[in-house]
Amino acid sequence: MIRYILIFLIIFISSCATTKTGENIQKASAHYKIGTSYFYENNIQSAYVEFQKALEFNPNDKVALNALGLVHLKFEDFQKARESFIKATTVDPNFSEAHNNLGITYIKMSKWSDAVNSFKAALQNKLYQTPEHAYYNLGYACYRLGRINDAINAYKEVIKRMQDSHLPYYGLALCYNAEGRYGDAAGAITRAIELDPLYKGDKDKALKEFGNRKLIAKGEEEEEERDIIDYIEILRY
């Protein structure tokens, strides 16, 4: 008789725990949705609070962990962003968005090899719906590492999926220029300017804009300033 009572109690307690867990997941989801609304309204502090509340109810909520990482990126707290994205990928190793965001964080930290590894991890998931994001970021990180052929291949993967995107062509222009393939570089940046809604094929406008950006970038990020200088040189070929 005692044995059956104990079994009943265990089942009863387990059932209550399941119900409580379900309630917590629902509350976490509600706070996540509110936080997302705040985030897109650029009310970052309120978003931060809501994502923290979501994680209080469900510490293993991968989407809330990923969102919290994005908040930390906004705050330029790259170490905390890194921690949040790593937690999200620990909960779900196939969470490509978090792997991609982790790679972006490593880019911000100039940890290029770690960034490459993260983007490759994002691409391991065959169900990843936006692999072009990770391919583009992979191309950028590989370019920074001097792995020009890998960068070219990554940018070409973006073009396969987004033929009307100007961004990979800008990347290809830098890669071809680094290899001394000046004709290909000129062709790539011409295509980029044709597709770029800011210029719509107007090279003179692009050249003027890059000149202005060079003045603004002077003394800031060395890599970005170098890119702008290279773009100007390519446009003058």
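Thresholds applied
Residues numbered from 1 in each chain as written. Predicted model: local features only at pLDDT ≥ 70, side-chain atom pairs only at ≥ 80, totals over all residues. Heavy atoms only, no water. Helix = DSSP H or I, 4+ residues; strand = E, 2+ residues; numbered from the N terminus. Buried < 20%, exposed > 50% of the residue type's maximum accessible area, 1.4 Å probe, protein only. Phe/Tyr/Trp six-rings, centres within 6.5 Å; stacked < 30°, edge-to-face > 60°. Axes fitted to C-alpha atoms, helices over the stretch in contact; angles between N-to-C directions. Parallel < 35°, antiparallel > 145°, perpendicular 65-115°, else oblique. Left-handed = near helix turned anticlockwise from the far one by under 90°. Contact = heavy atoms within 4.5 Å. Nonpolar A, V, L, I, M, F, W, Y, C, P; charged D, E, K, R; others polar. Salt bridge = Lys/Arg side-chain N within 4 Å of Asp/Glu carboxyl O. Core = buried A, V, L, I, M, F, W, Y, C linked by side-chain atoms within 4.5 Å. pLDDT = per-residue confidence, 0-100. Disulfide = S-S within 2.5 Å.

## Describing unusual backbone geometry
- Phi angles above zero are rare outside glycine, and N42 is one such case at about 65°.
- The residue N42 is located in the loop between α1 (2-40) and α2 (44-57) in this model.
- The class of N42 is exposed, set by a relative accessible area of 54%.
- Positive phi values are uncommon outside glycine, yet K200 reaches one of about 50°.
- You can see K200 is positioned in the loop between α10 (182-195) and α11 (203-217).
- Judged by relative accessible area, K200 falls into the exposed class, the value being 69%.

## Concerning the packing of aromatic side chains
- Counted under the stated rule, the structure contains ten aromatic pairs.
- Centroid distance Y170 to F210: 6.3 Å. Interplanar angle 85°. Geometry classified as edge-to-face. Taken together, the positions of Y170 in helix α9 (residues 167-178) and F210 in helix α11 put the pair 40 residues apart, joining distant regions of the chain. Across the pair, exposure class does not vary: Y170 and F210 are buried alike.
- Taken together, the ring pairs in this structure connect Y170, Y199, F210 and Y231 into an aromatic cluster.

## A few points about the packing of helix α6 (residues 112-123) against helix α7 (residues 131-145)
- With their axes 9 Å apart at the nearest point, α6 and α7 run at an angle of 155° to one another. Comparing the axis directions of α6 and α7 gives the class roughly antiparallel. Like other packed secondary-structure pairs, α6 and α7 cross with a definite hand, here left-handed. Contacts between α6 and α7 involve W112, S113, A115, V116, F119, K120, A122 and L123 from the first element and P131, A134, Y135, N137, L138, Y140, A141, C142, R144 and L145 from the second.
- Considered class by class, the residues forming the contact of α6 with α7 number 14 nonpolar, two polar and two charged.

## Section: the pattern of salt bridges
- Counted under the stated rule, the structure contains eleven salt bridges.
- Measuring nitrogen to oxygen at the nearest pair gives 3.1 Å for the salt bridge that ties D150 to R147.
- R147 gets classed as partly exposed once you look at its relative accessible area, which sits at 31%.
- One connected set of salt bridges, linked through shared partners, spans E157, K160 and R161.

## Here we look at the nonpolar core
- Formed by 47 residues in total, the largest nonpolar core has its most connected members in L138, Y170, L172, C175, I189, I193 and F210.
- With 15 residues, the next largest nonpolar core counts F39, L65, L68 and A98 among its residues.

## Looking at the side chain of N101
- The topology assignment puts N101 in helix α5 (residues 96-108).
- We classify N101 as buried; its relative accessible area is 11%.
- For N101, the contacting residues outside a window of four places in its chain are N66, L70 and F85.

## Some thoughts on the confidence of the model for the chain
- Mean pLDDT over the chain works out to 90, with 89% of the residues at or above the 70 mark.
- Across residues 1-18, where pLDDT falls below 50, the model places zero contacts with residues more than four positions away in sequence or in other chains.

## Let's talk about the state of the cysteines
- Applying the stated criterion to the full structure yields zero disulfides.
- With no disulfide of its own, C142 lies 8.9 Å from the sulfur of C175, the closest cysteine sulfur.
- By relative accessible area, C142 is classed as buried at 1%.
- Given the relative accessible area of 0%, C175 is considered buried.

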